[in-house]
Each structure stands twice: as C-alpha cells, then as structure tokens.
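Listed here are the chains, written in short residue letters.
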Amino acid sequence: MEVKIEQSWKNALAPEFEKSYFEALVRFLHEEKARGEKVYPRGGLIFNAFNLTPVERVKVVLLGQDPYHNEGQAMGLSFSVPEGVPAPPSLKNIFKEIHDDLGITMSGATDLTPWARQGVLLLNSILTVRAGQAASHSKIGWQTFTDAVIKYLSDNRRGLVFLLWGNYARSKRSLIDTSRHYVLEAAHPSPLAGGAFFGCRHFSMTNKLLSAEGQAPIDWRL
C-alpha cells in the first residue's frame, strides 16, 4: 500500500503498511470522508511527526494519546497546536513545568515543530480523530501501528529517552527495552491530574541523559 511518509520511516514500517489491519484503517478513513465526516488532522498532517523527525534523528519520544478534536488544533504532533491557536490546558502545564524546571520563560508560541526538528518524536498513539469526538478513532487500528513504531525504535535504536505521561502512555512501557533506553514516567499534564505532573523535571532529566549518551541536549525554548 502506498503511504506518503518520510522515506526512513517508510522503509522501517514497510511490513505494517502491507498488513490487513492497516488496509482496513485506510479504508475506514476513506469511508469517513465519503460520509462527510470531518477528520483531524487533515490528511497531509497525519504523519507529520514522522516527516519532521526521521528514524535516525529520533532522540526523545513524547507519547500522547489522540489528536485534539476541535477545529484548527490538530497538526499531527502530540500536544502541539499551530501558531495563533491558544495553548490547550495540558500544553500550558507543560510550559509551566519547563519554566519551573529550567527557568525558561516561554514565548507564548504553541507550535512544537522546533522540538520535532531537534529529534523529539511527538507521537500520538492514535493518529486521527472525528471532529468533536475525542477518542472516536481509538479502535480502528492506529494503536497497532504506533505500538509497532515504539517497538521498532526500541529494537533498532539505543539510548533514546521515552517520556510517558499518564496511565495510558505508561501502559506502553512493556514495548520498550529498558536495558537499551531510558523511560521517564509522570502523571499526565492535564489539569485533571490535579497538578501531579508538576515537579517531574523531565526536561532537565532528558537533557542530562542525552548528554550522557553524547547527544546534543534539546533546546526546549520556543
């Protein structure tokens, strides 16, 4: 099956694109469009995280659950929204933790593309959503696909930092070889977690781990 995705990922994930679940997934998305359903993000951005962060450039994996389901928010990067779109509550809390952890005053920018270009794979476990309906595409096969992504990185790279925030992300820990990689876990940055995310210091910890691996740290400023 022909999928428009960055070449290194296309090669790495080639077996997945030929599997029946993925063919069914693509068919479902075509059917959604035929029914007049609005799906986010728009087609060209579904694989945005992969296109911005090729396989060999991945240093950090920041796992989200599914895309924002409101108009103009989803852009194919976990937690990120386009410039000019107000930061959702979870993103605001991420920025607060960066300030508290690193002393960085964020600019107000909300597009996390600069992180992706530095090697932060901003991966949602589910890559599409029906407008206005959170988790509406949670059972169409995306999790099988993104679990394969995590497993591929675990098996074929070394010294990556996986950031697992919240119970859903933490459930993916079993896919990661912790003898080869680092896993940092925390509560979800959502206000629903009652502030339990604050104080995790994952941004400074990530950079210390990358430096220990001989990798350039991430510049978290926007």
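Please refer to the structure higher up on the page.
Residues numbered from 1 in each chain as written. Predicted model: local features only at pLDDT ≥ 70, side-chain atom pairs only at ≥ 80, totals over all residues. Heavy atoms only, no water.

1. Here's the deal with the overall build of the protein chain
Next up, step 1: Counting its secondary structure elements, the protein chain contains 9 helices and 6 strands.
Next up, step 2: For the protein chain, whose C-alpha radius of gyration is 17 Å, the value lies close to the compact-globule estimate of 17 Å for 222 residues.
Next up, step 3: Counting only C-alpha atoms and orienting by the principal axes, one finds that the protein chain spans roughly 50 × 35 × 25 Å.
Next up, step 4: Among the 222 residues that make up the protein chain, the fraction classed as buried is 54%.
Next up, step 5: Relative to all contacts within the protein chain whose residues are 6 or more apart in sequence, the contacts with residues 24 or more apart total 67%.
Next up, step 6: Split by element, the accessible area of the protein chain, about 10,100 Å² in all, is 51% carbon and sulfur.
Next up, step 7: Positive and negative side-chain charges of the protein chain, numbering 25 and 22 respectively, have mean locations separated by a distance of 1 Å. (Helix = DSSP H or I, 4+ residues; strand = E, 2+ residues; numbered from the N terminus. Rg over C-alpha atoms; globule rule 2.2 N^0.38 Å. Buried < 20%, exposed > 50% of the residue type's maximum accessible area, 1.4 Å probe, protein only. Contact = heavy atoms within 4.5 Å. Areas by Shrake-Rupley, 256 points an atom, 1.4 Å probe, with all protein chains shown as cover. Lys, Arg positive; Asp, Glu negative; His and termini not counted. Charge placed at Lys NZ, Arg CZ, Asp CG, Glu CD.)

2. Looking at helix α7 (residues 142-156)
Next up, step 1: The first and last C-alpha atoms of α7 sit 21 Å apart over 15 residues, in line with the 21 Å expected at 1.5 Å per residue.
Next up, step 2: Looking only at α7, the buried set comprises W142, F145, T146, A148, V149, I150, L153 and S154. (Expected span 1.5 Å × (residues − 1).)

3. Focus: the sheet that holds strand β5 (residues 161-165)
Next up, step 1: The strand order across the open sheet built from 4 strands is β3-β2-β5-β6, with neighbouring strands paired in parallel fashion. Where the open sheet ends on each side, the last strands, each with one partner, are β3 (120-124) and β6 (182-186). Between one strand axis and the next, the sheet turns by 20° as a mean value, whatever way the strands run.
Next up, step 2: As paired strands, strand β2 (residues 60-64) and β3 are joined by 5 bridges and run parallel to one another. When the sheet's bridge partners are listed, L63 is paired in β3 with L123. (Pairing = 2+ DSSP bridges. Axes fitted to C-alpha atoms, helices over the stretch in contact; angles between N-to-C directions.)

4. Quick notes on helix α3 (residues 20-34)
Next up, step 1: Over its 15 residues, α3 extends 21 Å from the first C-alpha to the last, a length consistent with the 21 Å expected when each residue adds 1.5 Å.
Next up, step 2: Looking only at α3, the buried set comprises Y21, F22, L25, L29 and E32. An end-on view of α3 places all buried positions within 100° of arc, on one side of the element. Set apart from the buried face of α3 by more than 90 degrees, the exposed residues are S20, H30 and A34.
Next up, step 3: Of the surrounding secondary structure, the elements contacted by the buried residues of α3 are α2 (14-17), β1 (39-40), β4 (129-130) and α7.
Next up, step 4: Looking one or two places after α3, you find G36, whose phi comes out positive at around 85°. (Arc of directions from axis to C-beta.)

5. Side note on the pattern of salt bridges
Next up, step 1: Using the criterion set out here, one finds 13 salt bridges in the structure.
Next up, step 2: Notably, a salt bridge pairs K151 with D155, separated by 2.9 Å at the nearest N-O pair. Of this pair, K151 and D155 both sit in helix α7, 4 residues apart, roughly one helical turn.
Next up, step 3: What makes D155 partly exposed here is its relative accessible area of 41%. (Salt bridge = Lys/Arg side-chain N within 4 Å of Asp/Glu carboxyl O.)

6. Let's talk about the packing of aromatic side chains
Next up, step 1: In the structure shown here, the tally under the stated rule is 17 aromatic pairs.
Next up, step 2: Here F47 and F50 contribute two aromatic rings whose centre-to-centre distance is 5.9 Å and whose plane-to-plane angle is 65°, an arrangement assigned as edge-to-face.
Next up, step 3: By relative accessible area, which is 1% here, F50 ends up buried.
Next up, step 4: When the ring of W165 is compared with that of F197, the centres are 4.9 Å apart and the planes differ by 70°; the resulting orientation is edge-to-face. With W165 in strand β5 and F197 in the loop between β6 and α9 (202-212), this pair connects stretches of sequence that are 32 residues apart.
Next up, step 5: Among the residues examined, W165 registers a relative accessible area of 2% and is labelled buried.
Next up, step 6: Chaining the aromatic ring pairs together yields one cluster made of W9, F17, Y21, F22, F47, F50, W142 and F145.
Next up, step 7: Taking NZ or CZ as reference, R35 lies 5.8 Å from the ring centre of F28, over its face.
Next up, step 8: Here the basic side chain of K96 rests over the ring of F198, its NZ or CZ set 4.6 Å away from the ring centre. (Phe/Tyr/Trp six-rings, centres within 6.5 Å; stacked < 30°, edge-to-face > 60°. Lys NZ or Arg CZ within 6 Å of the ring centre and 35° of its normal.)

The quantities given are spatial measurements derived from coordinates; they are silent on function.
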